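Below, each chain spelled out in residue letters.
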Amino acid sequence: MSVELAVIGGTGVYALGELADVEAQQPVTKYGAPSGPIRVGTYAGSRVAFLARHGEGHSIPPHKINYRANLAALQAIGATRVLALNTVGGITEGFGPRVLACPDQLIDYTWGRISTLSEEPGSEVLHVDFGDPYTPSLRKAVIDAAARAGVALVETGCYGATQGPRLETKAEIARMRRDGCDLVGMTGMPEAGLARELGLDYACLGIVANWAAGAGPDVDEVITLQDVLDNVAAAMDGVPRLLRALLDA
C-alpha cells in the first residue's frame, strides 16, 4: 500500500496524534540512517508516514540532521509527497506567533551542510530548476485544504534558512527583512533542495513560534523555549483538520 503523504515534524512536533495502526520503519539509505523511526499508519483513512526531523527526543541540531537520509528513507517507503512542518520565527507584519504560513519562496543562509545528491565523486551532477522551491501543485492543495477546513493560513511568504542552532541577532534579522524574508528557521534548507533533486513533491507549513529578534512589538523580548513550545502547540490546533482535508481531496 502506497504512502499518500509523508509529514516531517520540526521543533515541538514529534508525533501525529491521530495516526492509528502505527508501525515503525527505519530504512538505511545510501546516505545513512534517518533521524529516527518513520511512523507509518492510517490517518483519515489514508496511509501516512511521519518522521521527527530532530529525532523523537529532539537530540539532533539543525546543522547535524542527515537531510539526505531523511528524504531518501521517505522515498524508499513509497512517499511521493512531503509536507514539512517547520517551526519558525516571524519577521514581518502578519507573521506573528501562532500563525500558520505556506511560504512560496526561500533564501538559504546556511553553510557547510551537505546540500546535494551530487556530493560524492562519480555521482550524477544535478542542476534542478529551483525557481519555485516549493511544489506549486502541493502548495495549492495545502492552501485549498486549509480553506475547506476553516484553518487560517497565510498563503505566501519567504522563508530564510539560517545555520543555527543559536537564534539570530537583531542585525541579522534586520538584514533578512531587507532581503525580503518573512520567516526565519533553521531547517528549510537543504531539505527543500534535496526533495527537488529526488523528484519529491514538497511544501512547507511554517508554524510561527515567536517573533524573530527585534521584529515584534517588544524589540527587547527574550525568547524562551517554553514560549516557543506553547505557541507551537497553539498553532498546531488546526493542523489535524488541515491534514484531513488535504487527504480527503
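This is a predicted model, so every value here is computed, not measured.

(A) Quick look at the overall build of the protein chain. Summing up its helical and strand segments, the protein chain has 6 helices and 10 strands in all. In terms of C-alpha radius of gyration, the protein chain reaches 17 Å, essentially the compact-globule figure of 18 Å for 249 residues. Burial analysis of the protein chain (249 residues in total) assigns 53% to the buried set. A separation threshold of at least 6 residues defines the contact pool for the protein chain, and within that pool the share at least 24 residues apart is 80%. Counting only carbon and sulfur atoms, one obtains 51% of the accessible surface of the protein chain, whose full area is about 10700 Å². Considering the protein chain, the positive charge centre built from 20 side chains and the negative charge centre built from 29 side chains are found 1 Å apart.

(B) Here's a closer look at unusual backbone geometry. Each neighbour pair has its own omega, and for Gly164 with Pro165 the value is -5°, a cis peptide bond. Tracing the backbone through its elements, the reader meets Pro165 in the loop between β8 (158–161) and α3 (170–179). Residue Met189 is joined to Pro190 through a cis peptide bond whose omega torsion reads 15°. Looking at the element boundaries, Pro190 is found in the loop between β9 (183–185) and α4 (191–198). The phi dihedral of Ala44 falls on the positive side, at around 55°, and the residue is not glycine. Its place among the elements puts Ala44 in the loop between β3 (38–43) and β4 (46–52). With a phi close to 50°, His58 is a non-glycine residue in the positive phi region.

(C) Focus on a negative patch on the surface. Among the surface-exposed residues, Asp218, Glu221, Asp227 and Asp230 lie close enough to one another that they form a single negatively charged patch. Inspection of the secondary structure puts Glu221 in the loop between β10 (201–211) and α5 (225–235).

(D) Up close: the packing of helix α2 (residues 136–149) against helix α6 (residues 239–248). Relative to each other, α2 and α6 sit at 115°, their axes nearing to 8 Å. The handedness of the crossing between α2 and α6 comes out as right-handed. Every residue of α6 that contacts α2 at Ala141, Val142, Ala145, Ala146, Arg148 and Ala149 is listed here: Arg241, Leu242, Ala245 and Leu246. Counted by class, the contact of α2 with α6 contains 8 nonpolar, no polar and 2 charged residues.

(E) Main features of the environment of Leu153. Here Leu153 shows up in the loop between α2 and β8. Residue class for Leu153 comes out buried when judged on its relative accessible area of 15%. For the pair Leu153 and Gln105, spaced 48 residues apart in sequence, the C-alpha to C-alpha distance is 16 Å. In this structure, Leu153 is in contact with Leu100, Ala101, Cys102, Val142, Ile143, Ala146 and Leu205, ignoring residues within four places of it in sequence.

Thresholds applied
- Residues numbered from 1 in each chain as written.
- Predicted model: local features only at pLDDT ≥ 70, side-chain atom pairs only at ≥ 80, totals over all residues.
- Heavy atoms only, no water.
- Helix = DSSP H or I, 4+ residues; strand = E, 2+ residues; numbered from the N terminus.
- Rg over C-alpha atoms; globule rule 2.2 N^0.38 Å.
- Buried < 20%, exposed > 50% of the residue type's maximum accessible area, 1.4 Å probe, protein only.
- Contact = heavy atoms within 4.5 Å.
- Areas by Shrake-Rupley, 256 points an atom, 1.4 Å probe, with all protein chains shown as cover.
- Lys, Arg positive; Asp, Glu negative; His and termini not counted.
- Charge placed at Lys NZ, Arg CZ, Asp CG, Glu CD.
- Patch = residues over 30% accessible without salt bridge, like charges linked within 9 Å, V, L, I, M, F, W, Y side chains within 5 Å.
- Salt bridge = Lys/Arg side-chain N within 4 Å of Asp/Glu carboxyl O.
- Axes fitted to C-alpha atoms, helices over the stretch in contact; angles between N-to-C directions.
- Left-handed = near helix turned anticlockwise from the far one by under 90°.
- Nonpolar A, V, L, I, M, F, W, Y, C, P; charged D, E, K, R; others polar.

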